[in-house]
Amino acid sequence: MSELPVLISRDDVVRLLKNSDLIPRLEKVMGMFSKRNNAEVIQPLRTIIPLHKYNGFVGMMPAYVAHEDILATKMVSLYRRGNDSVLPAHQATVLLFDPERGNVTAVMDGTAITEKRTAAVSAISAKLLMPARAEVLCILGSGPQAVSHYEVFTEMFSFKEIRVWSRRRERAEQFASALQGPVTVCSSVKDAVVGADVIITVTLATEPVLLGEWVKPGAHVAAVGACRPNWRELDDALMREAVVYVDSREGAAAESGDIILSGASVFAELGEVINGTKPAEREKTTVFKSLGMGIQDAVSAKLVFDQWKSQL
Ligand SMILES: NC(=O)C1=CN([C@@H]2O[C@H](COP(=O)(O)OP(=O)(O)OC[C@H]3O[C@@H](n4cnc5c(N)ncnc54)[C@H](O)[C@@H]3O)[C@@H](O)[C@H]2O)C=CC1
Ligand SMILES: O=C([O-])C1=[NH+]CCC1
C-alpha cells in the first residue's frame with residue numbers, strides 16, 4: 001500500500017507560492033509547450049463536464065512535464081451564481097503524483113494556485129507585450145482574479161495610476177479599500193479604459209464588456225475571462241484590430257468565444273515569444289487571450305510541494 005498523500009491547505013499554498021519563484025518556471029514550461037515536443041510536455045485539451053442544471057461546469061486538467069518529472073491534474077469548477085451567493089465562482093484541487101510509482105503524493109488547494117498562476121501568466125504577457133512607457137493600468141472585474149492580478153502587477157511594475165471598474169460599484173469600492181495602494185474606482189467601463197496602457201479583463205461576462213473603440217492604440221489587453229466557446233469579454237473590433245497572442249492554440253480554438261466568434265486569427269503563443277520564435281509586437285495593440293493550462297498548475301503544485309517538504 002502506498003503512503004497516503006499529504007494535504008496542503010489554501011493558507012499554505014498562499015504562503016509558499018511566491019511570484020519570484022513561480023514566474024521563471026511558468027516562462028520555462030510555456031516555452032517548452034510551444035515547441036510541441038511530446039517527449040517534453042504532455043497536456044491534453046481540458047475535459048469539460050457541463051452542469052447546465054447548476055449553471056456551471058467542472059474541468060479536468062492533467063499534465064506531465066517530463067523535463068522536471070512533474071505529473072499533476074487539476075479539477076476546477078466554475079459556477080455562474082446569483083449576485084448574492086456567498087459561494088466562490090471557482091473552486092479547484094490539484095493532485096500531484098509520483099510519476100515513477102504512480103501514486104498521489106499531495107492533494108492541495110487549487111483555488112489559490114489558479115488565482116496566482118493565472119495572474120502571473122498575465123504579468124508575463126504584460127512584461128513582453130505592453131508599451132514601453134506604460135503608466136495606467138485598468139482592471140475590469142473585482143473578484144479573486146482581480147485581487148491576484150493587482151498583487152502581481154503592482155509587485156512587478158510601477159504604474160502611475162490604477163483604475164478598477166466592476167458591474168456593481170460597491171464591489172469595486174470594497175476591492176479598492178481592501179488594497180494597500182491608491183486605486184481609482186470608475187463608474188463605467190469606458191471611463192476606466194480610455195487612456196489605459198494595460199487593461200486586464202477578469203469578469204464573468206458572457207457578452208463583450210470591452211469595446212475596441214475605447215482602447216488606446218498600442219495598449220496591451222490581458223483577457224482572462226470568457227473561457228467558453230460562446231462567451232465573450234471583448235468585441236469583434238478589438239479582436240480583429242489587435243495582434244492576438246494565446247497560451248495554447250488548441251485551447252483557444254476549442255474554448256475561446258472571443259477568438260472563435262470574432263474570427264480573429266491567432267498570431268502567436270506566449271511560449272513562442274518566450275522562445276524568440278515569434279516577435280512581441282509591443283508598439284501595436286495586443287491581446288493576450290488566457291484560458292489556463294494544466295502545465296501552469298503542475299509547475300505551481302510542484303513548487304508548493306517542494307517548499308512544503310523543505311520546511312518540515
Ligand atoms: N484564464 C485563466 O486561466 C483563468 C480564467 N479565469 C476567469 O477569470 C474571470 C474572473 O474570475 P474570478 O475573479 O474568480 O471570478 P468572480 O466571479 O469572483 O468575479 C468576476 C467578476 O466579474 C463580474 N461579472 C460577473 N458577471 C458579469 C457580467 N455579465 N458583466 C460584467 N462583469 C460581470 C463580477 O461582478 C465580478 O467582479 C472568470 O471569467 C474566470 O472564469 C479564472 C481562472 C483561470
Ligand atoms: O485554467 C483554469 O483553471 C480556468 N480557466 C477558466 C476557468 C478556470
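Just so we're clear, the structure is a prediction, and the values are computed from it rather than from any experiment.

Undergrad: What is the right way to read the sheet that holds strand E10 (residues 184-185) from this model?
TA: Sheet strands line up and pair through hydrogen bonds in the backbone, either parallel or antiparallel. The parallel open sheet is built from eight strands, whose spatial order is E10-E9-E8-E11-E12-E15-E13-E14. Because the sheet does not close on itself, it has two edges, and the strands there are E10 and strand E14 (266-269). Here strand E8 (residues 136-140) pairs with strand E9 (residues 161-165) via five bridges, running parallel. Residue valine 136 lies in a different strand from E9, and its bridge partner there is glutamate 161.

Undergrad: Sorry if this is basic, but what is going on with the site of ligand 1 here?
TA: Near ligand 1 you find 25 residues, and of these Arg117, Ser142, Gln145, Thr203 and Ser290 are the closest. Here an oxygen atom of ligand 1 sits 2.9 Å away from a polar atom, N or O, in the side chain of arginine 117. Within the backbone of glycine 292, an N or O atom sits 3.3 Å from an oxygen atom of ligand 1. A total of 860 Å² of accessible area belongs to ligand 1 in isolation, and the protein chains cover 87% of it. For the shell around ligand 1, the element with the highest residue contribution is helix H3 (residues 111-129), accounting for three residues. Partitioned by chemical class, the residues of the shell around ligand 1 number 11 nonpolar, 12 polar and two charged.

Undergrad: Looking at this structure, how should I read the side chain of serine 125?
TA: Following the sequence through the fold, serine 125 ends up in helix H3. Here histidine 220 takes part through its side chain, which lies 2.8 Å from a polar atom of the side chain of serine 125.

Undergrad: Teacher, can you tell me more about the pattern of salt bridges here?
TA: Pairing of side chains with opposite charge becomes possible as their charged atoms draw close. One pass over the full model with this rule turns up 21 salt bridges. Between lysine 127 and glutamate 27 there is a salt bridge, with the nearest N and O atoms lying 2.5 Å from each other. Residue lysine 127 is located in helix H3, and its partner glutamate 27 is located in helix H2 (residues 19-33); the two are separated by 100 residues in the primary sequence. The class of lysine 127 is partly exposed, set by a relative accessible area of 32%. By relative accessible area, glutamate 27 is classed as buried at 18%. We note a salt bridge from lysine 309 to aspartate 306, for which the minimum N-O separation is 3.9 Å. Of this pair, lysine 309 and aspartate 306 are both found in helix H11 (residues 294-310), three residues apart, which corresponds to roughly one turn of the helix. For lysine 309, a relative accessible area of 43% corresponds to the partly exposed category. What makes aspartate 306 partly exposed here is its relative accessible area of 31%. A network of salt bridges, in which partner residues are shared, links Arg232, Asp236, Arg240 and Asp258.

About the criteria used
Throughout this document, residue positions are counted from 1 along each chain, in the order its sequence is written. Throughout, the order in which chains and ligands are written sets their labels, letters from A for the former and numbers from 1 for the latter. With pLDDT at 70 or above as the cut-off, local features in this predicted model cover only qualifying residues; side-chain atom pairs require 80 or more to be listed or tallied, and sums for whole chains, interfaces and linings still use all residues. Excluding hydrogens and water, the side-chain values take into account all heavy atoms of the structure. In this scheme, strands are said to pair when DSSP sees at least two bridges between them. Counting from the N terminus, the helices are DSSP H or I runs at least four residues long and the strands are E runs at least two residues long. Note on terminology: near, applied to a residue and a molecule or strand, indicates that one of the residue's heavy atoms is within 4 Å of it. Counting of polar contacts relies on pairs of N or O atoms within 3.5 Å, with two restrictions inside protein: one atom must be capable of donating a hydrogen and the other of accepting it, and residues adjacent in sequence are counted only when both atoms are side-chain atoms. Method for areas: the Shrake-Rupley scheme with a 1.4 Å probe, in which residue coverage is limited to the protein chains shown. Residues are sorted three ways: Asp, Glu, Lys and Arg are charged, Ala, Val, Leu, Ile, Met, Phe, Trp, Tyr, Cys and Pro are nonpolar, and all the rest, Gly among them, are polar. Any Lys or Arg side-chain nitrogen located within 4 Å of an Asp or Glu carboxyl oxygen qualifies as a salt bridge. Buried means the residue's accessible area, taken with a 1.4 Å probe over protein chains only, is under 20% of the maximum for its type, while exposed means over 50%, and partly exposed covers the values in between.

That's the geometry; what it means functionally is another story.
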